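Letter by letter, the chains look like this.
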Amino acid sequence: MTTLGRGRQRLAQQVIDQLRAQIETGKLRVGDQLPTEPQLESTFGVSRTVVREAIADLRAAGFVRPIQGKGVFVADPKVHSVMSLTPVEIKSIPETLELLEFRMATEGEAAAIAAYRRTAEQEAAIREANRRMAQLIESGQQTVEADYAFHMAIAAATNNRFYVDVLRHFGPRAIPRGQFPTLPEANDREYLQKVYAEHVEILSAIADQDPDRARQAMRAHLMASQRRYRMLAEQQ
């Protein structure tokens, strides 16, 4: 990951940590409205992209909830966790974190290799998988299989069978939300559109044959997911 990418990740984590601290100490109470995006940008001295990434992660972990037309409000993460997660899902969290850590090491490099080895047909396959995911999001259907197909298409574009074999070994369970169907993010349109936007960044870098940017985009995509599930683990 480039210095810019790592910097954005650190800034997002700082915003997350500070907002969580305010929630957990009662400075921000359940039902309180969070400051607007411009206010948060000014308070923390970060970009809107960083603010949105931090809010998306807090939302996925159940700390905040949006109300359309009104804003983002503090939720009760303990109640959210108890009500949402089944015992099987709770037991799946450690394995999910380990798998994301492994995927960062392998798929970051796979994206970089795909950026300089992919054929026109392989690039088209990646693009088609992402287009299919966008269609499913729009129609409110399940996206796990399409998400997995996108990552498999990138593995195939490395033209190295071991990347394909590894991802095929895990199957669709490599996509974390498939293991947590009761979490709001599993079917949350705004969250899924964020995932789709991250895919677009990866695809753009591969299409431009930019290995460093492809690696950075893939790692940022997986690190965002890792942050969300680490927060989820801390709530148990």
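Residues numbered from 1 in each chain as written. Predicted model: local features only at pLDDT ≥ 70, side-chain atom pairs only at ≥ 80, totals over all residues. Heavy atoms only, no water.

**What about the overall build of the protein chain?**
- Looking only at helices and strands, one finds 10 helices and 2 strands in the protein chain.
- Moving toward the C terminus, one meets the helices and strands of the protein chain in the order α-α-α-β-β-α-α-α-α-α-α-α.
- Counting every position in the protein chain, which comprises 236 residues, the buried fraction comes to 49%.
- Pairs at least 24 residues apart make up 73% of the contacts formed inside the protein chain by residues separated by at least 6 positions.
- If you sum the accessible surface of the protein chain, you get close to 11,700 Å²; carbon and sulfur atoms cover 53% of it. (Helix = DSSP H or I, 4+ residues; strand = E, 2+ residues; numbered from the N terminus. Buried < 20%, exposed > 50% of the residue type's maximum accessible area, 1.4 Å probe, protein only. Contact = heavy atoms within 4.5 Å. Areas by Shrake-Rupley, 256 points an atom, 1.4 Å probe, with all protein chains shown as cover.)

**Digging into the packing of helix α2 (residues 37-44) against helix α3 (residues 48-60)**
- Where α2 contacts α3, the two axes come as close as 9 Å, and the packing angle between them is 105°. Looking at the two axes, α2 sits roughly perpendicular to α3. Residues E37, P38, L40 and E41 of α2 lie in contact with α3, whose contacting residues are R48, V51, R52 and I55.
- When grouped by side-chain class, the residues that make up the contact of α2 with α3 number 4 nonpolar, no polar and 4 charged. (Axes fitted to C-alpha atoms, helices over the stretch in contact; angles between N-to-C directions. Parallel < 35°, antiparallel > 145°, perpendicular 65-115°, else oblique. Nonpolar A, V, L, I, M, F, W, Y, C, P; charged D, E, K, R; others polar.)

**A word on the packing of aromatic side chains**
- For the coordinates displayed, the defined rule picks out 1 aromatic pair.
- Ring centres of F102 and F170 lie 5.9 Å apart, and the angle between their planes is 70°; this geometry places the pair in the edge-to-face category. Residue F102 is found in helix α5 (residues 87-117), and its partner F170 is found in helix α8 (residues 161-170); the two are separated by 68 residues along the sequence.
- Looking at R161, its charged tip hangs above the ring of F162, at a distance of 4.3 Å from the centre. (Phe/Tyr/Trp six-rings, centres within 6.5 Å; stacked < 30°, edge-to-face > 60°. Lys NZ or Arg CZ within 6 Å of the ring centre and 35° of its normal.)

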